[in-house]
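Chain residues, written in single-letter form:
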Amino acid sequence: TAVGTCYGLSQIGGFGVVANLIGGVAQGTLAFIVPPAIAITLKRRENKGRLDVAHELPQWLIAIFGGAVVSSVTYFTFSEAMN
């Protein structure tokens with residue numbers, strides 16, 4: 001199904017749309033979402049499940065920013081493909 005989806009997207013807007021979509025989602029996730037998730041998980045494991053607001057709040061803010069980046073890349077890629 002992934003191959004069919006990529007093929008369908010490439011027919012709509014060309015290879016650039018597929019590259020922008022996949023690249024933007026992958027890079028945004030790897031840069032802004034995965035590292036804070038790992039940091040939060042390791043800190044909670046270190047603290048035996050206790051919440052550490054001073055450490056977790058900045059990590060959550062970075063992850064939320066990453067979600068906004070991934071969402072905006074997806075939105076702008078699809079809006080470009082429809083024009």
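Since we're looking at a predicted model, the values are computed, not measured.

Concerning helix α3 (residues 53–82)
(1) Moving on: Here α3 is 30 residues long and its end C-alpha atoms lie 43 Å apart, about the 44 Å a rise of 1.5 Å per residue gives.
(2) Moving on: Of all the residues in α3, the buried ones are Glu56, Gln59, Ala63, Gly66, Val69, Val70, Thr77 and Ala81.

Some remarks on the confidence of the model for the protein chain
(1) Moving on: Of the residues in the protein chain, 95% have a pLDDT of 70 or more, and the chain-wide mean is 88.
(2) Moving on: Within the protein chain, helix α1 (residues 2–13) has the poorest average pLDDT of any element, 74, and α3 the best, 93.

Topic: a nonpolar patch on the surface
(1) Moving on: Among the surface-exposed residues, Leu51, Val53, Leu57, Trp60, Leu61 and Ile64 lie close enough to one another that they form a single nonpolar patch of about 640 Å² accessible area.
(2) Moving on: Residue position: leucine 57 is located in helix α3.
(3) Moving on: Residue class for leucine 57 comes out partly exposed when judged on its relative accessible area of 47%.

What to know about the packing of aromatic side chains
(1) Moving on: Taken as a whole and assessed by the stated rule, the structure comprises 2 aromatic pairs.
(2) Moving on: A ring pair is formed by phenylalanine 32 and phenylalanine 65, whose centres lie 5.1 Å apart and whose planes are at 90°; its orientation type is edge-to-face. Pair noted here: phenylalanine 32 is in helix α2 (residues 15–46) and phenylalanine 65 is in helix α3, with a separation of 33 residues, a long-range link.
(3) Moving on: Each ring, one from tyrosine 75 and one from phenylalanine 76, has its centre 5.1 Å from the other, and the planes form 70°; the classification is edge-to-face. Phenylalanine 76 shares its class with tyrosine 75; the two are exposed.

Conventions adopted
- Residues numbered from 1 in each chain as written.
- Predicted model: local features only at pLDDT ≥ 70, side-chain atom pairs only at ≥ 80, totals over all residues.
- Heavy atoms only, no water.
- Helix = DSSP H or I, 4+ residues; strand = E, 2+ residues; numbered from the N terminus.
- Expected span 1.5 Å × (residues − 1).
- Buried < 20%, exposed > 50% of the residue type's maximum accessible area, 1.4 Å probe, protein only.
- pLDDT = per-residue confidence, 0-100.
- Patch = residues over 30% accessible without salt bridge, like charges linked within 9 Å, V, L, I, M, F, W, Y side chains within 5 Å.
- Areas by Shrake-Rupley, 256 points an atom, 1.4 Å probe, with all protein chains shown as cover.
- Salt bridge = Lys/Arg side-chain N within 4 Å of Asp/Glu carboxyl O.
- Phe/Tyr/Trp six-rings, centres within 6.5 Å; stacked < 30°, edge-to-face > 60°.

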